[in-house]
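Given next are the chains, with one letter for each unit.
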Amino acid sequence: RDAIRRMGGDPKRINPLQPVDLVIDHSVQVDSFGSSESFRRNVELEFQRNRERYAFLRWGQQAFNNFRVVPPGTGIVHQVNLEYLASVVFQKDEDGKRIAYPDTLVGTDSHTTMINGLGVLGWGVGGIEAEAAMLGQPVSMLIPEVVGFKITGQLPEGATGTDLVLTVTQMLREKGVVGKFVEFYGRGLASLPLATRATIGNMSPEYGATMGFFPVDAETLRYLRFTGRSEESVELVERYCKAQGLFRTDDTPDPLFSDTLELDLADVKPSIAGPRRPQDRVPLAASKTEWRRSLASMVDESTDWDTVKVEGWLTGEEPDRGADGLGSLTARTKVQENGHSFDLGHGSVIIAAITSCTNTSNPEVMLGAGLLAKKAVERGLQRKPWVKSSLAPGSKVVTDYLEEAGVAPYLDALGFQTVGYGCTTCIGNSGPVAEPISAAVHDSNLVAVAVLSGNRNFEGRINPDVRANYLASPPLVVAYALAGTMDIDFATEPVGQDQDGQPVFLRDIWPTQQEISEAIQNSVRSEMFRQQYGAVFEGDETWRALDVPSGELYAWDPQSTYVKNPPYFDDMTREPAPLQDINGARVLVMVADSVTTDHISPAGNISATSAAGQYLIERGIERADFNSYGSRRGNHEVMMRGTFANIRLRNQMAPGTEGGLTQHVPCNEQMSIFDAAERYKSEGVPTLVLAGKEYGSGSSRDWAAKGPMLLGIRAVIAESYERIHRSNLVGMGVLPLQYRAGETRESLGLTGRESFAISGIAEDLAPGKTVTVTATGDDGSTKTFQAVVRIDTPVELDYYRHGGILQYVLRQLVAQ
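Here's a quick rundown of the structure. (Residues numbered from 1 in each chain as written. Predicted model: local features only at pLDDT ≥ 70, side-chain atom pairs only at ≥ 80, totals over all residues. Heavy atoms only, no water.)

**Some words on the overall build of the chain**
Assigned secondary structure in the chain consists of 29 helices and 29 strands. Relative to the 2.2 N^0.38 estimate, which gives 28 Å for 816 residues, the radius of gyration of the chain is 26 Å and therefore close to what a compact globule would have. Counting only C-alpha atoms and orienting by the principal axes, one finds that the chain spans roughly 80 × 75 × 55 Å. Within the chain, the fraction of its 816 residues that count as buried is 58%. Considering only intrachain contacts with a sequence separation of at least 6, the fraction spanning at least 24 residues in the chain is 73%. (Helix = DSSP H or I, 4+ residues; strand = E, 2+ residues; numbered from the N terminus. Rg over C-alpha atoms; globule rule 2.2 N^0.38 Å. Buried < 20%, exposed > 50% of the residue type's maximum accessible area, 1.4 Å probe, protein only. Contact = heavy atoms within 4.5 Å.)

Set out below in structure tokens:
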């Protein structure tokens with residue numbers, strides 16, 4: 001609005017043209033846990049830290065039309081959408097007629113795909129693309145292949161929906177579905193509750209698909225009625241979908257697909273996934289063995305542990321203390337904390353979190369966790385004192401049915417009190433672990449573990465004190481909190497001892513499917529949904545009491561460290577400048593495969609020693625008030641300093657290091673990536689990123705593109721991209737290039753020290769065009785290769801010509 005006014009336009013032209021719902025759900029942190037006061041304390045801190053942001057959002061609520069805000073403390077966006085916002089079939093009046101049409105959705109969280117479980121065509125996009133869509137721009141994409149995933153049979157006793165989700169994720173990653181749609185079909189769908197379908201849809205980014213779709217059927221209608229939708233709207237969904245041929249029954253012929261795969265639900269086994277990626281499924285029966293193998297590689301990546309005398313230990317046997325090299329793998333350290341004395345070692349579980357968006361829409365696994373907690377407490381078991389435990393439900397309905405089932409007191413007794421309603425540990429808002437535990441982990445260089453019921457476990461995401469992260473069902477999260485270690489075989493080793501000193505095994509406290517079904521039937525009711533969502537947009541007293549600025553233009557505070565006017569439109573002209581080739585570019589970042597948006601975009605904790613931390617300290621912000629990168633995403637100065645600052649980033653321009661370091665070429669001085677970027681900009685030198693496969697996988701973080709653009713990065717050359725990140729790069733005017741098939745940085749002999757020229761941009765740039773890249777070494781030698789322009793559509797080319805999607809939209813609005 002400020003920019004269009006500067007260019008002579010009407011600020012009111014900047015207004016959402018599509019219905020927009022904003023759910024505030026990523027700001028609460030787990031500062032307090034294990035107490036009945038935890039929820040209140042965390043909410044108080046959330047409002048203290050985010051008051052300025054929340055006032056900004058309240059301003060937007062009154063300044064824009066067609067825009068609703070769900071206040072903080074309500075639930076996770078995907079669950080609120082699933083339980084309340086989504087309609088499945090939209091209605092509108094047009095030319096005196098009532099028109100019905102399918103509900104579709106784009107959301108600024110990659111796990112928007114959770115709504116696919118309800119039969120809604122929806123997927124995640126970057127915030128940049130969503131902002132353009134709000135202003136009337138189409139969502140541009142290549143027509144995808146559709147992979148059919150046939151489901152047959154029923155889940156066996158002891159297997160949960162989470163185990164199914166991890167199995168599906170592994171299968172589809174192996175299949176290769178990046179950029180494709182996945183549709184689930186087959187008679188086995190009839191046995192899958194909608195909450196389980198939604199969880200499978202939620203994990204679409206983890207298996208790489210644009211979405212994982214479940215068609216509308218009788219279960220969809222049951223869920224809509226159950227969650228309090230009106231009978232009129234449910235009848236419309238049924239009649240419309242049947243009339244349009246969109247309603248599935250067991251007699252529906254199998255659709256035609258580009259490709260297919262199949263799973264018999266009877267083959268699903270209890271599982272976890274980790275320690276670094278959600279697709280790395282580990283059968284629970286093999287978890288101890290696989291943990292030890294993972295640990296060996298983490299402790300010493302240079303040692304071939306299979307060749308030293310520790311093979312028995314690696315495969316789960318009791319350790320041979322005399323074995324060469326075993327000492328570093330079995331080290332223990334003594335800790336005193338809060339009146340407890342205990343030993344910590346590799347594999348100690350220091351975080352156990354039932355976190356919000358993936359599983360907490362599913363009463364089966366939530367009540368399963370509650371029943372397991374009940375049995376554990378009745379046997380006298382307690383969580384280990386070094387475990388930071390938390391429960392962050394996806395909606396307040398979860399609290400209602402846990403209380404109604406009578407299991408909430410038992411979860412509380414094990415330290416799983418509700419800490420907030422929103423995305424917590426899974427996004428990196430896990431809060432700090434106790435200082436003595438943190439010190440022991442770092443002083444002894446321990447590989448500590450987090451177990452969470454979320455969907456992401458990438459390096460450096462969950463907590464800076466944790467190096468191994470495992471995804472698990474909520475009941476297993478409770479089990480690992482009781483055991484306190486990843487180094488356990490639940491089949492043969494007890495999770496603890498009862499009041500009489502007798503061993504208690506996981507099988508002794510694991511609830512049966514009948515017990516879970518009875519708990520669901522007796523405790524989850526439609527009235528809960530109607531009551532909790534009756535005033536969903538009102539918020540609590542603190543939200544309503546915020547001092548909100550007014551007016552069509554926002555009154556920027558130049559002293560703010562939360563909300564600053566970004567420089568995207570500074571010095572913008574009415575017509576875009578002609579495209580230019582890139583010359584004399586240097587490599588700022590050079591990385592291997594599977595670098596995620598968590599590695600690129602600022603997320604989670606802000607370190608006091610980081611460039612972002614120093615920026616805040618210089619402005620008088622105390623360490624305790626740093627908050628998270630996610631909460632400070634409205635300040636580009638913080639975010640650009642945190643770009644590529646992930647503590648687990650391995651930038652090969654600074655070999656042997658972890659974190660946001662690089663080497664300035666040609667002076668060979670090692671410095672932070674931010675400082676190097678600033679120096680290159682002052683020298684007038686453009687910069688590049690060289691990457692491997694699956695660059696930008698993970699969350700749909702627009703700051704993974706905004707940050708690099710602000711650092712002066714002009715292009716990325718990678719072997720392959722995840723869909724959303726590639727789109728975001730184009731949307732911010734950063735050119736995504738791809739090596740030709742069979743070529744890599746290594747095969748081309750690139751070291752990253754070369755000076756790069758990219759020709760073919762200035763003339764006749766087109767989607768999929770091949771451009772020429774010339775790399776000149778220190779000795780003057782050159783390497784020339786071809787790269788494919790990953791601008792995929794003509795609309796994206798228009799965005800790139802204008803310097804980005806927002807610049808394109810602004811110029812169109814000014815010209816109208």
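**Here we look at the nonpolar core**
Membership of the largest hydrophobic core comes to 109 residues, with the highest contact counts inside it found for F149, F184, Y207, L402, F416 and L506. If one sorts the elements of this core by residue count, helix α17 (residues 474-483) sits on top with eight residues. Not counting the four nearest positions on each side in its chain, F416 is found in contact with A352, I354, S389, S390, L391, L411, V477, V478 and A481. Counting 85 residues, the second largest nonpolar core, distinct from the first, contains I128, Y615, I717 and V734. (Core = buried A, V, L, I, M, F, W, Y, C linked by side-chain atoms within 4.5 Å.)

**Some points on the sheet that holds strand β7 (residues 146-152)**
Read across the sheet, four strands follow the order β9-β8-β7-β10 without closing on themselves; strand pairing throughout is parallel. Looking at which strands have only one partner, the edges of the open sheet turn out to be β9 (211-213) and β10 (259-264). On average, each strand axis in the sheet is inclined to that of its neighbour by 20°, with strand direction left out of account. Taken together, the five bridges between β7 and strand β8 (residues 181-185) define a ladder with parallel strand orientation. Each residue of the ladder has a partner; that of G148, found in β8, is E183. (Pairing = 2+ DSSP bridges. Axes fitted to C-alpha atoms, helices over the stretch in contact; angles between N-to-C directions.)

**Observations regarding the pattern of salt bridges**
Under the counting rule described, the total for this entry stands at 43 salt bridges. Taking the shortest distance from any N to any O, the salt bridge between E637 and R641 comes out at 2.7 Å. Placement of both E637 and R641 in helix α24 (residues 636-642) is noted, with a separation of four residues, approximately one turn of the helix. For D792, the salt bridge is made with R726, and the minimal N-O distance between the two is 3.3 Å. Taken as a pair, D792 in the loop between β29 (782-789) and α28 (794-801) and R726 in helix α27 (residues 723-731) lie far apart in primary sequence, 66 residues in all. (Salt bridge = Lys/Arg side-chain N within 4 Å of Asp/Glu carboxyl O.)

**Here we look at the environment of N42**
With respect to the element layout, N42 can be found in helix α2 (residues 38-63). Under the relative-accessibility criterion, N42 is labelled buried at 1%. It is 34 Å that separates the C-alpha atoms of N42 and R225, two residues lying 183 residues apart in sequence. Filtering out sequence-adjacent residues up to four positions away, N42 remains in contact with V28, Q29, V30, D31, S32 and V419.

**Description of α17**
Most of α17 is tucked away, with ten of its ten residues classed as buried. For α17, the full list of buried residues reads P474, P475, L476, V477, V478, A479, Y480, A481, L482 and A483.

**Focus: helix α6 (residues 194-202)**
In an α-helix, one full turn covers 3.6 residues, which means residues spaced three or four apart are oriented alike. For α6, a buried count of nine out of nine residues is recorded, marking the element as mostly surrounded by other parts of the structure. Within α6, the full set of buried residues consists of L194, A195, T196, R197, A198, T199, I200, G201 and N202.

**A few points about unusual backbone geometry**
Glycine aside, negative phi is the norm for most residues, and most peptide bonds take the trans geometry. The omega torsion of the bond from G274 to P275 falls at 10°, within 30 degrees of zero and hence cis. Its location among the elements puts P275 in the loop between β11 (271-273) and β12 (281-283). Note the cis peptide between V665 and P666, where omega equals 15°. Positionally, P666 belongs in the loop between β22 (661-664) and β23 (669-672).

**With respect to the packing of aromatic side chains**
A full pass over the atoms with the stated rule returns 24 aromatic pairs. Between Y554 and W556, the ring centres sit 5.2 Å apart and the planes meet at 80°, which makes this aromatic pair edge-to-face. These aromatic residues form a ring-pair network of at least three members: F56, W59, F64, F67, Y554 and W556. Across the ring face of W543, the terminal group of R58 is positioned such that the distance to the ring centre comes to 5.5 Å. (Phe/Tyr/Trp six-rings, centres within 6.5 Å; stacked < 30°, edge-to-face > 60°. Lys NZ or Arg CZ within 6 Å of the ring centre and 35° of its normal.)

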